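# Understanding the architecture of this molecule
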Amino acid sequence: MPSHTPALRHQGTRASTRGASGRSMASWAVPASLAVVYMLYTVFLAGNNGYTGGQGWLMGFISAIVVFALCYAIGQLQHRVQPETASALYAVVFGCAMGWLLSLSGQTWLKAGFLGLALAISMGVAIFYIDHSHRRAV
């Protein structure tokens with residue numbers, strides 16, 4: 001008669017994605033990736049609009065630091081605030097970031113501001129919709 005052995009449970013052989021501080025790698029990797037891409041595009045636009053190489057890289061580096069800090073802060077805060085507040089925060093950061101890039105591309109400040117506002121409203125509506133349509137019913 002065969003002996004009954006309990007089934008072995010999966011012990012979680014996957015490598016942990018949490019760092020020493022207990023935060024996931026994505027909590028800083030996503031904002032860092034966005035900041036690098038934003039920096040490179042800022043340098044590209046600044047170089048095409050008359051800034052010297054050093055000025056363009058300095059502007060890109062400062063922009064990247066600001067984008068990283070804001071995205072990281074919102075990412076840490078988004079689970080502690082209401083979904084409407086998180087949507088508004090993401091919308092403001094996106095609108096300001098796109099408005100800044102539009103102003104670097106040679107658009108007037110007024111046009112860049114209105115396009116940034118339009119993009120912010122669009123992003124806010126999209127994030128609000130995604131958040132409310134993917135929420136589990138309680």
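Each remark here, short or long, concerns the structure printed above.
Quantities reported herein were computed from a predicted structural model and do not represent experimental measurements.

In terms of helices and strands, the protein chain carries four helices and zero strands. Put simply, the protein chain runs from its N terminus to its C terminus through helices and strands in the order α-α-α-α. The burial tally for the protein chain puts 24% of its 138 residues in the buried class. When contacts within the protein chain are restricted to residue pairs at least 6 apart in sequence, long-range pairs at least 24 apart make up 60% of them. Accessible surface computed for the protein chain: about 10200 Å², of which carbon and sulfur atoms make up 69%.

In this structure, Tyr38, Leu45, Ala46, Met59, Val67, Cys71, Ala97, Leu101 and Leu104 together form the largest nonpolar core, which totals nine residues. Those elements that provide at least two residues to this core are helix H1 (26-48), helix H2 (53-77) and helix H3 (83-104). Apart from the residues within four sequence positions on either side, leucine 101 is in contact with Tyr38, Tyr41, Thr42 and Leu45.

A few words now on the environment of alanine 112. Relative to the assigned elements, alanine 112 resides in helix H4 (residues 109-133). We classify alanine 112 as buried; its relative accessible area is 1%. The sequence separation of alanine 112 and tryptophan 100 amounts to twelve residues, and the corresponding C-alpha distance is 7.2 Å. Non-local contacts of alanine 112, meaning those with residues more than four positions away in its chain, are made with Gly99, Leu102 and Ser103.

The tally for this structure, following the rule as stated, stands at two aromatic pairs. For the pair tyrosine 41 and phenylalanine 44, a centre-to-centre distance of 6.0 Å together with 25° between the ring planes defines the contact as stacked. Of this pair, tyrosine 41 and phenylalanine 44 both sit in helix H1, three residues apart, which is roughly one turn of the helix. According to the relative accessible area criterion, phenylalanine 44 is partly exposed, its value standing at 47%. Their ring planes at 15° and their centres at 5.9 Å tell us that phenylalanine 68 and tyrosine 72 sit as a pair that is stacked. One end of the pair is phenylalanine 68 and the other is tyrosine 72, both in helix H2 and four residues apart, which spans about a single turn. The exposure class of phenylalanine 68 is partly exposed, given its relative accessible area of 30%.

Thresholds, definitions, all that
Residues numbered from 1 in each chain as written. Predicted model: local features only at pLDDT ≥ 70, side-chain atom pairs only at ≥ 80, totals over all residues. Heavy atoms only, no water. Helix = DSSP H or I, 4+ residues; strand = E, 2+ residues; numbered from the N terminus. Buried < 20%, exposed > 50% of the residue type's maximum accessible area, 1.4 Å probe, protein only. Contact = heavy atoms within 4.5 Å. Areas by Shrake-Rupley, 256 points an atom, 1.4 Å probe, with all protein chains shown as cover. Core = buried A, V, L, I, M, F, W, Y, C linked by side-chain atoms within 4.5 Å. Phe/Tyr/Trp six-rings, centres within 6.5 Å; stacked < 30°, edge-to-face > 60°.

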